[in-house]
Amino acid sequence: MLKIDNLHAKVDDKDILKGLNLTVAAGEVHAIMGPNGSGKSTLGHVLAGRPGYTVTAGSARLLGQDLLELDTEHRAHLGLFLAYQYPVEIPGVSNMEFLKASVDAVREHRGDPALDSMSFMKKAREACKAVDLDLAFLKRGVNEGFSGGEKKRNELMQMMLLEPKLCIMDETDSGLDIDALQVVASGINAMRSPDRSIILVTHYQRLLTFIEPDHVHVLSGGRIVKSGDKSLALELEERGYAWLEDVA
Amino acid sequence: MSDFMREALAAAAQRAPAWLEPMQARGRNLWGKTTLPNRKTEAWKYTSLQALQQPFSAPAPQARGAAISEASLPQLDGPTLIFTDGQYRQDLSNTAVPSGLSLVRFGDATAEQAAQISAALGTAVLPGRHVFSPLNDATLVDGVFMAVAADTQLEEPVHIAWLTTGQSESTSITQRLLVCMGPNSQATLVESFANTATGGTAFTNGLTELLLDRGAHLSHYRLHLEQGDVVHIGGVHARQGADSQLHGFHLALGSVLKRIDLVVDHQGSGAHCSMDGLYLPRGTETVDYHTCMEHAVPHCTSRERFRGIIADEATAIFNGRIHIHPEAQKTRAELSNKNLLTSNKAEINTKPELEIYADDVQCAHGATVAQLDPLALHYLRTRGVPRDEAEVMLSYGFINELVEEIGQPVIKAFLKPLLAKRFAHDARLARHIL
């Protein structure tokens, strides 16, 4: 599904990723943990092609295609989805209009027939229900005035409608109370499938008690310094990150 | 005085009804003494009148009027008067009016109506506020008089449309509308200006006067849809009586030059005026809105919200004056002007102009100038929306709030696709804005 080799990237002339390697197979759930400033969020933004994030060396391939040479929208068409830690507010563009434009673009690229308004509305309502978001949010501006938890659920709803191949969840658990966390986690679990991979970027082990990962990695200093199974997350919870920096 | 209107002035003198002649004569006299403003005139600092260097003449009376496309105007069911190249088109108009409404052309006015018009015409234009109003008076041959009787509530909007057809070179058109709203009357008025073809140059001098008696409510839409080589210099001058409400919606697509002055004189306590506006110049077009809220008496409120999107090498000017007189205690006045520049060569000159002489008032104003938010653009693209479509969605999103609040469903339905297309060179790009 995803193969990242020796990825180096900088943000505003500051080197953040320094030789990151990661391979994710189809159907797997990977958790990436690590201290603040280790490059966790940068990884997601680099893969999504955010302006100001420059790749200086290395490669990233999604489904065999060179991700880094594609425009942002084409990465999405290929099946990449980044759930933002801080989703962007866009007043004046309704959530509905935004979702329809996204779904139409992605389906068109995949060669799926366009959804008529009725079928789209049905899907959108189902997705709202699945993430426990009131239908009124469809009519509001994109993320405009949403609470932190509502924004995260809105991201998850988009993910459900777009049915991506690779989902990168950037600290989706931050700022969620325990009830919201359970809703979001069960939404993510429902998305698990043999032909979809999920990368959970998180600070805390808490999320991983709800979503059981196949692999856990520690990102530190712009590189993956340790990988293991879910027990690694528990060990990190107990011992913190400092001991790993010595390993690195 | 510049003689770019000499021919049109001479023609007007021969064609007006006799009772309009004194007004024409006054106008000619004043216009003769008027110096055309230039860049050193504060109110015209950013607006060039270069486009008026050529001579304009009154359009020749046509044997048959040009055909017009239904798509160029909102299709409203109520009373409708349509003019093409300044000429009234009975064949296109709907003159059936409900009781309580008088809607006549000056040329068809009865003696009684002529007396009413003579008494009221020009009274809303404050001296010195409108440099082109004497020219309008001097070239006035025909206009429209709309009067709503006391306590009458009109169901259907009244629509008055002025079209230029581009049939002849350098045409000048004088448009005039006088509206008298009786005490506690209610109405919706739509004024549309459009050109059906871009051919010859047209200069429209438009002047609308709104007189609202106590308790009257008027919703007023003024849609400037002209494009291409059209110069429009005009304005709306309103006088509000006690407890009256004026709700204005203004739109200007760009053309060579549009200068529109909106002046509201609050003369009765408890009057409220809200005014929303959109201007969307592109290419090398210029749109200039000058608004002025005169708060002369206590307990009045005004709220203005103007949004501009300026593309390419276009220029926009917004000047929002709020004048609170010493007697006008407890005034509440708000002014917001937001601008989006979609190109590095686009220009906006925005200026709030506050003169406050009363001490117990609330007055808020703000102006912003921004470009498309790169992060919002990126966010849309991460969801698969192509860049060009995302740009159209964000541009439209900038004005969407004001469009959504339009009270007349027919106007909203007419404007939405028109505005969406304004940002999209390909209709496909606007397909999600509905």
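Model, not experiment: these values are computed from the prediction. (Residues numbered from 1 in each chain as written. Chains lettered and ligands numbered in written order. Predicted model: local features only at pLDDT ≥ 70, side-chain atom pairs only at ≥ 80, totals over all residues.)

Across its full length, chain A carries nine helices and 12 strands. Radius of gyration (C-alpha) of chain A: 18 Å, near the 18 Å computed for a compact globule of 248 residues. Overall size of chain A, expressed as C-alpha extent along the three principal axes, is 55 × 40 × 35 Å. The buried share of chain A, reckoned over its 248 residues, is 47%. Relative to all contacts within chain A whose residues are 6 or more apart in sequence, the contacts with residues 24 or more apart total 70%. (Helix = DSSP H or I, 4+ residues; strand = E, 2+ residues; numbered from the N terminus. Rg over C-alpha atoms; globule rule 2.2 N^0.38 Å. Buried ≥ 20, exposed ≤ 12 C-beta atoms within 10 Å, placed from the backbone. Contact = placed C-beta atoms within 7 Å.)

This part is about the overall build of chain B. Within chain B, the regular secondary structure consists of seven helices and 19 strands. Here chain B has a C-alpha radius of gyration of 21 Å; the compact-globule value for 434 residues is 22 Å, and the two agree. By principal-axis analysis of the C-alpha atoms, chain B measures approximately 70 × 55 × 45 Å.

For an interface, size is often stated in terms of accessible area lost upon the parts coming together. On the chain A side, the residues contacting the 22 residues of chain B number 22 residues. Elements with a contribution of two residues or more to the side of chain B that touches chain A: α5 (374-382) and α6 (387-404) of chain B. Residues that form the side of chain B that touches chain A fall into these classes: 11 nonpolar, six polar and five charged. (Nonpolar A, V, L, I, M, F, W, Y, C, P; charged D, E, K, R; others polar.)

Further remarks concern the pairing of strand β3 (residues 29-33) of chain A. Residues and elements named next belong to chain A. Counting buried positions over the five residues of β3 gives five, a clear majority of the element. Residues of β3 alternate between two faces, with V29, A31 and M33 on one and H30 and I32 on the opposite face, all of them buried. Where β3 meets strand β10 (residues 197-201), four bridges bridge the pair, whose relative direction is parallel. Bridge pairing links I32 to V201 in β10. Relative to strand β11 (residues 215-220), β3 is paired through four bridges, and the arrangement is parallel. Across the sheet, H30 pairs through a bridge with H215, a residue of β11. (Pairing = 2+ DSSP bridges.)

Residues and elements named next belong to chain B. The buried fraction of strand β5 (residues 158-164) is high, at seven of seven residues. Side chains of β5 alternate between two faces, with V158, I160, W162 and T164 and H159, A161 and L163 buried alike. Pairing analysis gives five bridges linking strand β1 (residues 80-84) to β5, with the strands arranged parallel. Each bridged residue has a counterpart across the sheet, and for L81 the counterpart in β5 is I160. The pairing of β5 with strand β7 (residues 186-195) spans seven bridges and is classified as parallel. From the neighbouring strand, I160 faces β7, where its bridge partner is E191.

Moving on, we come to the domain arrangement of chain B. All names here are of chain B. The domain boundaries assigned to chain B delineate domain 1 (6-370) and domain 2 (372-434). Of note, the centres of domain 1 and domain 2, computed from C-alpha atoms alone, are 28 Å apart. If you look at the interface, domain 1 gives 18 residues, while domain 2 gives 12 residues. When contributions to the side of domain 1 that touches domain 2 are tallied by element, the ones reaching two or more residues are β7, β9 (217-224), β11 (245-253), β13 (272-280) and β15 (301-310). Across the side of domain 1 that touches domain 2, the residue classes break down as 11 nonpolar, four polar and three charged. (Domains from an automatic or database assignment.)

So, about the sheet that holds strand β14 (residues 286-295) of chain B. Sheet strands pair by backbone hydrogen bonding; their relative direction is either parallel or antiparallel. Residue and element names in this part refer to chain B. Taken together, the nine strands give an open sheet; going across it, the order is β3-β4-β6-β8-β10-β12-β14-β16-β18, and neighbouring strands pair in mixed fashion. Of all the strands in the sheet, the pair left with one neighbour each is β3 (101-105) and β18 (347-356). In this sheet, adjacent strand axes meet at a mean angle of 5° when their direction is disregarded. Packing of helix α3 (residues 111-120) onto the sheet brings it into contact with β3, β4 (144-148), β6 (171-181) and β8 (202-212), and relative to β6 it is tilted by some 100°. (Axes fitted to C-alpha atoms, helices over the stretch in contact; angles between N-to-C directions.)

All names here are of chain A. Taken N-terminus to C-terminus, the directions of helix α5 (residues 148-162) and helix α6 (residues 178-191) make an angle of 10°; their axes are 11 Å apart at the nearest point. The angle between α5 and α6 falls in the class roughly parallel. Residues G149, K152, R153, L156, M159 and M160 of α5 pack against A180, V183, V184, G187 and M191 of α6. (Parallel < 35°, antiparallel > 145°, perpendicular 65-115°, else oblique.)

All names here are of chain B. The sheet built from 10 strands is open, its strands ordered β2-β1-β5-β7-β9-β11-β13-β15-β17-β19 with mixed pairing. The open sheet terminates on both sides in strands that have one partner only, identified here as β2 (87-88) and β19 (362-370). Each of β13, β15 and β17 (332-341) touches α6; the most contacted strand, β15, lies at about 160° to it.

Time to look at helix α8 (residues 230-239) of chain A. Residues and elements named next belong to chain A. Three or more residues of α8 are buried, namely L232, A233 and L236. On an axial view of α8, the arc spanned by its buried residues comes to 105°, and they lie on one face. Structural note: α8 exposes S231 and E238 on the side pointing more than 90 degrees away from its buried face. Buried residues belonging to α8 abut β3, α7 (206-210), β11 and β12 (223-228). (Arc of directions from axis to C-beta.)

This brings us to unusual backbone geometry. All names here are of chain A. Residue L63 is not a glycine yet carries a positive backbone phi of 50°. Mapped onto the fold, L63 is located in the loop between β4 (53-62) and β5 (65-66). Located in the positive-phi region is E163, a residue other than glycine, with phi close to 45°. Turning to its location among the elements, E163 is positioned in the loop between α5 and β9 (166-170). Classification of E163 by C-beta neighbours within 10 Å gives partly exposed; the count is 17.

Let us now look at the nonpolar core. Within the largest apolar cluster, 195 residues are counted, with the highest numbers of intra-cluster contacts made by F81 and I168 of chain A. The biggest single contributor to this core is α6 of chain B, with eight residues. Split by domain, this core shows at least three residues from each of two domains, domain 1 (6-370) and domain 2 (372-434) of chain B. With sequence-adjacent residues up to four places away left out, F81 of chain A is seen in contact with A76, M159, L162, P164, L166, C167 and I168 of chain A. (Core = buried A, V, L, I, M, F, W, Y, C linked by C-beta atoms within 7 Å.)

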